[in-house]
Amino acid sequence: MTGLFFHRAIVRRRLLFFVLFLGFLAYWGARTSKSEDYTNVFYVSNNGSDDNSGSANEPFASLERARDAIRSERLQGKEGVFSVMIAPGEYVRAVPFELGSNDSHTRYIGVKGETTLSAGREINGWKLATPDQKKAFPNSEAEIWRAELPVVDGQLIFFEQMYVNDRRAVRSRFPNEGFLRPASVWEEFPLNAPNRPSNKPSTPQEIRAKEGDLDELHLADVPVEELRYAQFVVHHHWDTTRRILLGYNKESNALKAQGSPMKPHNPWRDTSLYYLENLRSSFDEPGEWFYAGTEGCVYYRPKADERIENVKFVAPISGVNRMLIISGTSVSSNESKTTKDIGFENIKFAYSDAPRRESVMKESELDESIVGDISQPGPSQFEPAQSAFFTTAVISVDDSEGITFQDCEIAHVGEYGLWFKNCDDCVAKNTNFIDLGAGAVRVGGGKLDRRNKIENCLMTQGGRFFASATAVWIGQNTEEIAILHNDINDFYYTGVSVGWVWGYNGGHAFRNRIEFNRISKIGQGHLSDMGGVYTLGTSTGTRVCNNVIFDVSSYAYGGWGLYPDEGSEGILFENNLVYDTTDGSFHQHYGKDNIVRNNILARSKNNPANVGNQPHQLAITRVEDHLSDTFESNIIYWKEGIALGYNADKAKAIYTKNLWFNACGEATFSGKTHEEWVKETGKDVDGIVADPMFVDPDSNDFRLKPGSPAEKIGFIPFDYSQAGIVK
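Residues numbered from 1 in each chain as written. Predicted model: local features only at pLDDT ≥ 70, side-chain atom pairs only at ≥ 80, totals over all residues. Heavy atoms only, no water.

Engineer: Help me understand the sheet that holds strand β13 (residues 167–168) in this model?
Structural biologist: Backbone-to-backbone hydrogen bonds join strands into a sheet, with any given pair of strands oriented parallel or antiparallel. As summarised here, the arrangement of the 4 strands in space is β7-β25-β12-β13, forming an open sheet in which the pairing is antiparallel. Strands at the two margins of the open sheet, each flanked by one partner only, are β7 (120–122) and β13. In this sheet, strand β25 (residues 313–316) lies alongside strand β12 (residues 163–164) in antiparallel orientation, the contact comprising 2 bridges. Looking at the pairing, Val164 lines up with Phe313 of β25. (Pairing = 2+ DSSP bridges. Helix = DSSP H or I, 4+ residues; strand = E, 2+ residues; numbered from the N terminus.)

If you want it as structure tokens, here you go:
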């Protein structure tokens with residue numbers, strides 16, 4: 001009976017595959033009526049063979065074989081667009097798929113929701129942990145699962161991220177929710193030490209905990225060989241730092257570490273936030289996992305609805321942080337060429353790693369007995385970098401033109417999702433970026449990027465490993481980059497960052513468009529000094545328009561909606577709805593010739609960390625000789641605090657035809673009424689203080705009722721429901 005059952009199971013699987021494959025052929029048959037030429041077609045299937053012809057009936061098994069077949073056809077003189085049809089299934093990759101200039105004019109097309117390229121490895125062999133195996137854990141009476149870790153190439157596999165039924169599981173964390181704040185921080189050479197070495201790559205460092213904060217972890221009892229798999233993460237303003245836990249000093253209540261010296265402009269502070277990961281004593285909540293390196297196994301605490309027989313566990317294959325590399329340099333020569341016209345459609349890219357960098361580990365100067373061979377996978381450290389700058393992307397496109405991603409998905413990845421660099425006319429459209437170790441998209445950072453477009457994409461659940469990552473990063477040397485109609489939410493740092501040149505230093509980020517995006521749930525109290533949209537440097541002709549930005553919050557200061565930072569210049573902020581931010585709907589550190597026009601800026605509130613400070617709505621920090629901003633025909637609405645913060649009343653700025661309203665009291669401007677402020681400064685002579693008559697602001701309905709006094713200031717109503725993804 002067992003053999004018969006097994007035989008029937010095989011027949012059923014083969015029948016299912018046959019049905020899916022027939023559907024696959026029918027789907028692509030229907031596409032041939034479109035304008036695209038699908039006559040030059042090869043097929044790839046998990047049930048194929050690279051010894052096959054690549055036809056529909058004899059598909060290849062690998063993308064590389066299909067790529068090479070197309071190259072061969074072209075060498076024989078065949079022209080036109082080639083297509084690779086990828087059948088349903090999960091294609092596990094341990095190395096990136098690489099394309100060069102001799103792969104231009106090609107389409108790679110899967111079946112939506114069915115075709116996945118994966119850099120993940122399933123963790124199998126789960127069993128109930130025995131009472132003896134559980135006894136060192138808290139809540140040891142609860143159910144715990146255990147799996148032996150495989151050995152690959154003579155080494156126990158290592159990972160710092162794991163997914164349970166497509167959910168990023170929490171690695172044993174303390175505290176389970178929120179963060180701790182240090183009593184103090186220490187490193188061998190203090191920041192203000194006159195003899196602080198300028199070229200020393202590393203230094204001992206400590207987080208000294210507040211009394212009682214770490215007691216329940218019993219760190220003094222943890223063997224040193226197990227501590228090497230534990231880490232602590234520090235959030236300090238706009239940066240995060242990860243450190244391997246080298247030891248614990250019970251007398252000073254100190255977590256010991258070693259790494260690069262702190263940056264004087266953004267060190268760890270006693271106001272910083274920190275948490276610990278992968279301690280046996282913090283493995284106490286359903287949904288958590290614990291990497292037991294000393295035992296060669298991994299533990300998991302199931303949630304109430306999970307059963308050991310129907311849960312899929314996936315960990316990234318060690319070291320695979322890039323799955324697709326498109327480069328303008330030909331594979332067959334060293335001659336620099338541009339790669340053109342390659343498309344990807346209906347393909348999911350999933351489960352990539354965030355491996356430790358050998359260079360970072362080398363500079364940390366940690367003992368080999370702790371970290372092992374630093375060229376091999378193992379516990380990681382990372383140094384602070386705004387926007388997690390030194391990470392890469394699971395899809396890297398360099399020196400290319402016309403590369404497109406349509407109806408794809410990038411999910412459960414360790415670093416960024418997609419990076420266009422030195423590219424023109426590249427597009428990601430209708431593509432989902434979900435559960436990201438860093439951010440979703442990067443554009444630029446090289447010689448010059450022009451006319452690349454990110455449109456109608458969902459970007460959510462970001463910064464899960466590198467909290468300081470930006471959802472969308474647009475670097476310097478960019479022109480006419482368009483970020484349009486995207487839904488960006490659930491990140492711990494900035495939503496969209498543009499420019500990346502500090503000060504008036506010849507930045508080059510011209511005529512970029514950040515328009516019709518819905519940006520929300522940014523910061524979430526994890527970091528500080530951020531914005532829904534954050535700009536830097538000269539950005540002449542850049543438009544930040546028709547966006548809806550809300551729920552931006554920091555842990556210390558600066559959860560701003562619109563944030564032109566150092567040297568922001570030549571930017572138009574128009575028709576944006578910004579509400580429920582901390583420390584201001586609009587804040588300019590310093591900049592030049594920016595226009596803030598026809599926006600609704602509502603309900604900015606104070607950060608609880610800023611004890612004694614009044615919340616404000618608009619702010620300019622630096623007073624400069626040139627014109628900083630023109631504020632024209634905006635509606636500013638609030639319920640607590642004052643209208644202007646920092647030096648907004650002293651800076652050289654034009655205020656004209658603005659409507660101001662404090663729904664819970666008098667509208668004040670540097671301690672004055674609007675009339676007194678206008679008389680003293682000569683600003684906003686045509687402005688008014690009046691109820692704008694929103695339909696229902698408490699329910700976030702900021703449409704204007706008929707007869708609104710906003711008409712008097714020339715405010716032009718805009719349809720903010722158009723922001724976000726267009727269905």
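Once you've had a look at it, read on.
Engineer: Help me understand the pairing of strand β9 (residues 145–148), please; the structure alone is not making it clear to me.
Structural biologist: For a regular strand, side chains alternate in direction, first toward one face of the sheet and then toward the other. Alignment of strand β8 (residues 127–128) against β9, held across 2 bridges, turns out to be antiparallel. Bridge pairing in β9 places Leu128 opposite Trp145. Of the pairings in the sheet, the one linking β9 to strand β24 (residues 297–300) comprises 4 bridges and is antiparallel in character. Across the sheet, the residue bridging to Glu148 is Cys297, located in β24.

Engineer: Help me out: how do you make sense of empty space enclosed by the protein in this one?
Structural biologist: To find leftover empty space, a probe the size of one water molecule is rolled over the atoms. Within this structure, the stated rule accounts for 4 cavities of 30 Å³ or more. If you add up the space inside the largest cavity, you get close to 50 Å³. Thr241, Pro261, Met262, Trp268 and Pro384 are, among the 13 residues lining the largest cavity, the residues nearest its centre. Its residues assigned to classes, the lining of the largest cavity shows 5 nonpolar, 5 polar and 3 charged. (1 Å grid on protein atoms, 1.4 Å probe; cavity = no way out; pocket = protein on both sides within 12 Å on 5 of 7 lines; lining within 4 Å. Points joined across faces, edges and corners; volume = space filled by probe spheres on them. Nonpolar A, V, L, I, M, F, W, Y, C, P; charged D, E, K, R; others polar.)

Engineer: Where do I start with the side chain of His674 in this structure?
Structural biologist: As for its placement among the helices and strands, His674 is situated in helix α7 (residues 674–681). Residue His674 is classed as buried on the basis of its relative accessible area, which comes to 10%. Within the local environment of His674, its side chain forms a polar contact with the side chain of Asp684, the two groups lying 2.9 Å apart. If sequence neighbours within four positions are ignored, His674 has contacts with Trp660, Ala667, Phe669, Asp684, Gly687, Ile688 and Val689. (Buried < 20%, exposed > 50% of the residue type's maximum accessible area, 1.4 Å probe, protein only. Polar contact = N/O pair within 3.5 Å; in protein donor to acceptor, adjacent residues only side chain to side chain. Contact = heavy atoms within 4.5 Å.)

Read these as spatial facts, not as claims about activity.
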